[in-house]
Amino acid sequence: MPGRAAALLLVAVAGIPFDEAQILWAPSWEEARKEASTRRVPILVAFLKDGEAGSVDVWDTTFQDPTIVAYLNEVAVPLPAHTAAADAGHSPESFVDPRTGKTTDRCSVYKVITCPDHNSIHSEALTFLRVKETPKCFVLGPDGKPLSGTGEVKGTKPKDLLLALRAAQRSLGKPLSRTIYRRARDKLARGRAHFEAEEFAPAIRALQGLMKDRKAPDEFRKESEQLLAEVNAAGIDRVVKAQSVLGENPKEGRRLLRELRATFRGLEAAGVAKRALIEAGKQHPGKGGKK
Ligand SMILES: [Zn+2]
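What counts, and at which threshold
Residues numbered from 1 in each chain as written. Predicted model: local features only at pLDDT ≥ 70, side-chain atom pairs only at ≥ 80, totals over all residues. Helix = DSSP H or I, 4+ residues; strand = E, 2+ residues; numbered from the N terminus. Buried ≥ 20, exposed ≤ 12 C-beta atoms within 10 Å, placed from the backbone. Core = buried A, V, L, I, M, F, W, Y, C linked by C-beta atoms within 7 Å. Contact = placed C-beta atoms within 7 Å. Axes fitted to C-alpha atoms, helices over the stretch in contact; angles between N-to-C directions. Parallel < 35°, antiparallel > 145°, perpendicular 65-115°, else oblique. Left-handed = near helix turned anticlockwise from the far one by under 90°. Expected span 1.5 Å × (residues − 1). Arc of directions from axis to C-beta. Pairing = 2+ DSSP bridges.

Would you explain the overall build of the chain in this entry?
Along the chain, the regular secondary structure elements total eleven helices and five strands. Counting only residues that meet the buried cut, the chain has 38% of its 291 residues in that class.

For this particular structure, what's the right way to read unusual backbone geometry?
Glycine aside, the phi torsion of most residues is negative, and most peptide linkages are trans. Residue proline 135 is reached from threonine 134 by a cis peptide bond, and omega for that bond is -5°. Looking at the element boundaries, proline 135 is found in the loop between helix 5 (115-125) and strand 5 (136-140). Residues other than glycine seldom take positive phi values, yet arginine 40 does so here, at roughly 55°. Of note, the phi angle at glutamate 198 is positive, near 60°, even though the residue is not glycine. Relative to the elements of secondary structure, glutamate 198 occurs in the loop between helix 7 (178-196) and helix 8 (200-212). The exposure class assigned to glutamate 198 is exposed, which follows from the 10 C-beta atoms found within 10 Å.

How do you make sense of the nonpolar core when you look at a structure like this?
Where a protein is soluble and globular, its nonpolar side chains tend to be buried together. Ranked by internal contacts, the top residues of the largest apolar core, which has 44 residues, are Ile43, Leu44, Val45, Ala76 and Leu79. If you list the elements that add at least two residues to this core, you get helix 2 (29-39), strand 1 (43-47), helix 3 (53-60), helix 4 (66-75), strand 2 (77-81), helix 5, strand 5 and helix 6 (158-172). With residues near it in sequence (within four places) discarded, leucine 79 still touches Trp25, Ala26, Trp29, Ala32, Ile43, Leu44, Val45 and Ile121. Judged by nonpolar contacts, the second largest core, of 29 residues, contains Tyr181, Phe220, Leu256 and Ala270.

Help me understand the packing of helix 4 against helix 6, please; the structure alone is not making it clear to me.
Relative placement of two packed helices is described by the angle separating their axes and the distance separating the axes. Contact geometry for helix 4 and helix 6: axes closest at 10 Å, N-to-C directions at 25°. In terms of orientation, helix 4 and helix 6 fall into the roughly parallel class. Handedness of the helix 4/helix 6 crossing: left-handed. Together, Thr67, Ile68, Tyr71 and Val75 of helix 4 and Pro158, Leu161, Leu162, Leu165 and Gln169 of helix 6 make up the contact between the two elements.

I keep staring at the packing of helix 8 against helix 9 (residues 218-246) and nothing clicks. Help me out?
Contact geometry for helix 8 and helix 9: axes closest at 9 Å, N-to-C directions at 150°. What the angle tells us is that helix 8 and helix 9 run roughly antiparallel. Where helix 8 crosses over helix 9, the two elements pack in a sense that is left-handed. Counting all contacts with helix 8, which are made through Phe200, Ala203, Ile204, Leu207, Leu210 and Met211, the residues of helix 9 involved are Phe220, Arg221, Ser224, Glu225, Leu227, Leu228, Val231 and Gly235.

Is there a simple way to think about helix 10 (residues 250-263) in this case?
Side chains three or four residues apart in an α-helix point the same way, a direct result of the helix having 3.6 residues per turn. Between its terminal C-alpha atoms helix 10 stretches 20 Å, which fits the 20 Å expected from 14 residues at 1.5 Å a residue. Buried within helix 10 we find Gly253, Arg254, Leu256, Leu257, Leu260 and Arg261. Projection of helix 10 onto a plane perpendicular to its axis shows the buried side chains occupying an angular sector of 160°, all on one side. Counted as exposed and oriented over 90 degrees from the buried face of helix 10: Lys251, Glu252 and Ala262. Looking at the buried side of helix 10, the elements it contacts are helix 9 and helix 11 (268-283).

Help me out: how do you make sense of the sheet that holds strand 1 in this one?
By way of backbone hydrogen bonds, the strands of a sheet pair with one another, either parallel or antiparallel. Taken in spatial order, the three strands of this open sheet run 2-1-5, and their pairing is mixed. Two strands bound the open sheet, and with one partner strand each, they are strand 2 and strand 5. Looking at each pair of strands side by side, their axes are set apart by 20° on average, direction ignored. Across five bridges, the pairing between strand 1 and strand 5 is antiparallel.

Honestly, the pairing of strand 5 in this entry has me stumped. Any pointers?
Looking along a regular strand, one sees the side chains alternate between the two faces of the sheet. In terms of burial, strand 5 is largely enclosed, as five of its five residues are buried. Residues Lys136, Phe138 and Leu140 point to one face of strand 5 and Cys137 and Val139 to the other, with burial holding for every one of them.

Right, here's the structure in full:
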């Protein structure tokens, strides 16, 4: 009865606060590789199956063990390789995405990702990992390849996982903390989401915040810098459009320029808007109004 087993999985995770006492599963191989290589941590892949006593047991014990939860979150990137049908208890639930602050649907079992996420993690895993039975865990390097042998973990008890993870960690060196990584990653995602929604001022705040974060990984700061350049280009584009309004409707043109000067504060576009305002004041003396 897959429904009953899934219900057990559900009971196991019910009532756990979103971001603390649960495993922060990565949503894709791509994100897992990116995070693992930036943070210099191993990837843990867990093959679990709905309706299978062994899997439910691993979920109820190993993956609720506070040491495992903390260890997986802090010095590894965990990936669930799990296929599930909609009738197996994996119904979508609404969650507030901590990255964007927006409400999205999440898997009701792996609460930080969606069901299509863990389904595709599973099918991609099968292209290069041999899984004869479930439950089964693999510890892999940051590139998704085994650090030694097949990467298969001998057992599924907390001590089996800790042993394999610690061995992998030792060969990778000092890891970058999850908190620092995720703080930078989330700021970048927030900045990008605001930019795509044309909410420029909050986009600039998030991206400049990331630029000032000296602990943030270089790749995020670089991406943030590129995105800020795009925001700036969008700002300059709008200044040019506002200037074209000046001829027909000077008052409206100046209002738009003042708005752009405030919105893009901190970027070159704000300076361009300011100069355009001064220029407009010269061309229409006495109509310049307050700036
Ligand atoms: Zn699911």
